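Structure at a glance
The primary structure of each chain is shown beneath.
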Amino acid sequence: MASDSKVAPGATEVAEDKKAVEGAAEEKTAEDTKATKKDKKGKKGKKGKEAPRKVDDDHDDHHDHEDHYNAEHHDQEKDNNTIHRPRVFSVRPQLTGTTSAVLKKKAAEKQAKQDEKDHNHIPLTEEEKESKRVMTEASHKRMREKSKEPAQACYNNGLGLGLPFHAETGEINLTNRGLKSDIAEGLSQVLLHQGLSDPPVGSLHSLVLRTNMIRFDGCERLCNSLKYDINRVLVYMDLSECSIGVKGAKAVGDMLKQNESLLEIRLKYNQIGHEGTAHLAEGLAHNFTLENLSLKGNAILDIGCEHLGAIHFGSLIDLDLRENYIGNHGCEALAKGFKGNRCLRRLNVRENPFGDEGRWAIGGELLAKKKKYWKKQKEKRVYEGNEYRAPTQREKDLAIPKIDFANLNIEPRPVLAWAVMTECPKCVCTIM
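**Focus: the overall build of the chain**
A count of helical and extended segments in the chain gives 13 helices and nine strands. Scored against the burial criterion, the 432 residues of the chain give a buried share of 41%. Considering only intrachain contacts with a sequence separation of at least 6, the fraction spanning at least 24 residues in the chain is 82%. Accessible area of the chain: about 25800 Å², with a carbon and sulfur share of 54%.

**Quick look at the nonpolar core**
Of all hydrophobic cores here, the largest spans 63 residues; its most connected members are Leu267 and Leu321. Those elements giving two or more residues to this core turn out to be helix H4 (126-157), helix H5 (183-196), helix H6 (215-226), helix H7 (245-256), helix H8 (273-284), helix H9 (301-310) and helix H10 (328-337). Once you skip the residues sitting within four places of it in the chain, leucine 267 turns out to touch Leu239, Ser240, Ile244, Val252, Ile272, Leu280, Leu293, Ser294, Leu295 and Asn298.

**Details of the sheet that holds strand S6 (residues 318-320)**
An order of S1-S2-S3-S4-S5-S6-S7 is seen for the seven strands of this open sheet, with the pairing classed as parallel. Of all the strands in the sheet, the pair left with one neighbour each is strand S1 (171-173) and strand S7 (346-348). For this sheet, the mean angle separating the axes of adjacent strands, direction not counted, is 0°. Taken together, the three bridges between strand S2 (residues 206-208) and strand S3 (residues 236-238) define a ladder with parallel strand orientation.

**Overview of the packing of H7 against H8**
To characterise two packed helices, one gives the angle between the axes of the helices and the distance between these axes. Where H7 contacts H8, the axes come no closer than 7 Å and their chain directions differ by 5°. Judged by the inter-axis angle, H7 sits roughly parallel to H8. Across the interface between the two elements, Val246, Ala249, Lys250, Val252, Gly253 and Leu256 of H7 pack against Glu275, Gly276, His279, Leu280, Gly283 and Leu284 of H8. A class-by-class count of the residues in the contact of H7 with H8 yields six nonpolar, four polar and two charged.

**Some remarks on a positive patch on the surface**
Together, Lys106, Lys336, Lys339, Arg342, Lys372 and Lys376 line one region of the surface with positive charge. Relative to the elements of secondary structure, lysine 376 occurs in helix H11 (residues 356-384). We classify lysine 376 as exposed; its relative accessible area is 51%.

**Points about H9**
By the burial criterion, the buried members of H9 are Gly304, Cys305, Leu308 and Gly309. Buried residues in H9, looked at end-on, bunch into an arc of 135°, giving them a common side. Residues of H9 that are buried make contact with H8, S6 and H10. Downstream of H9 by one or two residues, histidine 312 has phi in the positive range, about 55°.

**Quick look at the state of the cysteines**
For the structure shown, the criterion picks out zero disulfides. The cysteine cysteine 219 is free of any disulfide, with cysteine 223 supplying the nearest cysteine sulfur at 3.9 Å. Among the residues examined, cysteine 219 registers a relative accessible area of 0% and is labelled buried. With no disulfide partner, cysteine 242 has as its closest neighbouring cysteine sulfur the one in cysteine 219, 8.2 Å distant. Cysteine 242 sits in the buried class, given a relative accessible area of 0%.

**A short note on the packing of aromatic side chains**
The geometry of an aromatic ring pair is captured by two quantities: the separation of the ring centres and the angle between the planes. Scanning the model with the defined rule gives four aromatic pairs in all. Seen from their ring centres, phenylalanine 338 and phenylalanine 405 are 6.5 Å apart, and the 70° between their planes marks the pair as edge-to-face. Of this pair, phenylalanine 338 sits in the loop between H10 and S7 while phenylalanine 405 sits in the loop between helix H12 (393-399) and helix H13 (417-420); the two residues are 67 residues apart in sequence, bridging distant segments of the chain. Take phenylalanine 405: its relative accessible area is 7%, and that puts it in the buried class. Pairing tyrosine 373 with tryptophan 374 gives two aromatic rings, centres 5.2 Å apart and planes at 70°, and the pair type is edge-to-face. Under the relative-accessibility criterion, tyrosine 373 is labelled buried at 14%. In textbook terms, an aromatic cluster arises when at least three aromatic residues are bridged by ring pairs, as seen for Phe313, Phe338 and Phe405. Over the ring of phenylalanine 216 we find lysine 247; its NZ or CZ atom is 4.9 Å from the centre of that ring. The lysine or arginine in question, arginine 381, covers the ring of tyrosine 388, its NZ or CZ lying 5.7 Å from the ring centre.

Definitions and limits used
Residues numbered from 1 in each chain as written. Predicted model: local features only at pLDDT ≥ 70, side-chain atom pairs only at ≥ 80, totals over all residues. Heavy atoms only, no water. Helix = DSSP H or I, 4+ residues; strand = E, 2+ residues; numbered from the N terminus. Buried < 20%, exposed > 50% of the residue type's maximum accessible area, 1.4 Å probe, protein only. Contact = heavy atoms within 4.5 Å. Areas by Shrake-Rupley, 256 points an atom, 1.4 Å probe, with all protein chains shown as cover. Core = buried A, V, L, I, M, F, W, Y, C linked by side-chain atoms within 4.5 Å. Pairing = 2+ DSSP bridges. Axes fitted to C-alpha atoms, helices over the stretch in contact; angles between N-to-C directions. Parallel < 35°, antiparallel > 145°, perpendicular 65-115°, else oblique. Nonpolar A, V, L, I, M, F, W, Y, C, P; charged D, E, K, R; others polar. Patch = residues over 30% accessible without salt bridge, like charges linked within 9 Å, V, L, I, M, F, W, Y side chains within 5 Å. Salt bridge = Lys/Arg side-chain N within 4 Å of Asp/Glu carboxyl O. Lys, Arg positive; Asp, Glu negative; His and termini not counted. Charge placed at Lys NZ, Arg CZ, Asp CG, Glu CD. Arc of directions from axis to C-beta. Disulfide = S-S within 2.5 Å. Phe/Tyr/Trp six-rings, centres within 6.5 Å; stacked < 30°, edge-to-face > 60°. Lys NZ or Arg CZ within 6 Å of the ring centre and 35° of its normal.

What follows is the structure, encoded as C-alpha cells:
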C-alpha cells in the first residue's frame, strides 16, 4: 500500500508546468477576445461617422456597369501627368455578341450588293489592287520617316512642358493647362509615328486635353494623324471644352471613317451644334470600332437627333446626349434609330426639355421591337413544329437589347392615355 501512494520523481513538477501553460493559454485567449471586440466596436464607430460618398453626376455618362466599364471619375482627376486607367479593350463581344470586324464585313457585303444593284461600281483588278497597296505602303513609309525626328524631340523635351514623357508612357493628362493649338503639333507627330512605326514604337493609349483652347486647327492636326493609326494604339481621347466647333467636329467625323483604334471619344461643351452632329454621324456610319461617344452640352437640338437616328447610332454602345435642348420631336427621331440598331446599350438623354410624348415615343418603339421579335418566334414555332427550340436568355438579350436610360423613366404610351389627355382638333391647345 505504501508503494502505491508514492509519486514518481518529477511528476509534481510536470503537472505544475502543465497547469501553468494551460493558464497562460486561457489568459491569452481572453485578451484576444477583448481586443477583437474592441476592434469591432471601433470599426462600427468609424463606419457610423463616415461621411456619405458624394456622387458625381457628371460621371453618369462614364459607365456604371461593373463588367462593362472600368474607370474612375474623370472629373475628380488631379492636376498631374497621370489619370485614371481607361478601358483599353473592347466590350463589344460581351455585350452585343459580335465584333467590329464582323460588323465591318457585313457592311462591306451590303455595300457591294447595293453597288451591284445600282451598277455604279467597277471592281478593281488584281494588278490595280497591288498597285494601290504599293502606293499606300510608300506613302506610309514617307510619313513614318518624316515624323520620326519630331516625335523623338517631343519625347526628349516632354512636349515642351517638361513632362516625364517617353515612348513607354501610356497615359497623359493635360487638363486645364492653358494650352493652345500649338501643343497639337507635337502630339500629332507622336501619334503619327506610333501609329505607323514598324516595329511599333510608342504606347500612348489615353490622351486628355480637356479645357484647353486647342480650337479646330489643333483638333484637325490630331485627327489627321489618327487617320493612320495602323498599329491601333490610342483608344481614348478627351477633347471636352476645347472650342473645336463645327469645323473640329468635321475633322473628327472624317477621322472616324478611317480610324480603327479609338474606343471612346469625349466632346463635351464644344459648340458643335446640329451641323457638327451631321459630320459626326457621317463618320459614325463608316466606323465599327468606336463604342462610347459623349456629346453633352453641344446644343445639337432635334435636328441633330435626326442625323443620329438616320444612321441608327452607328455601332455605338454608349451615347451621352445630356443638355442638348432635345424636345419631343428629337425623341421621336431617336426612337426611329432603334429600328435597325442592335448595338446601343446605354443612352443618356437626361437634362433635356422633352415631355411625356418624347418618353412614350422611345418606349413605344422599344415595345414594338419586342413584339416583332416574339411574332417571328411564334411563326418559327409553327413552321418548325417539334424541331423548334426556344431561344436562350443570351439570344433574347442580343435580339432585344436592354438599354440603360440612366434612371430615366422610359415607357410606352399608357393604354388609357387618351382618356387623360386629348388634343382639340380645331386648335393646338390641350384639353385636360
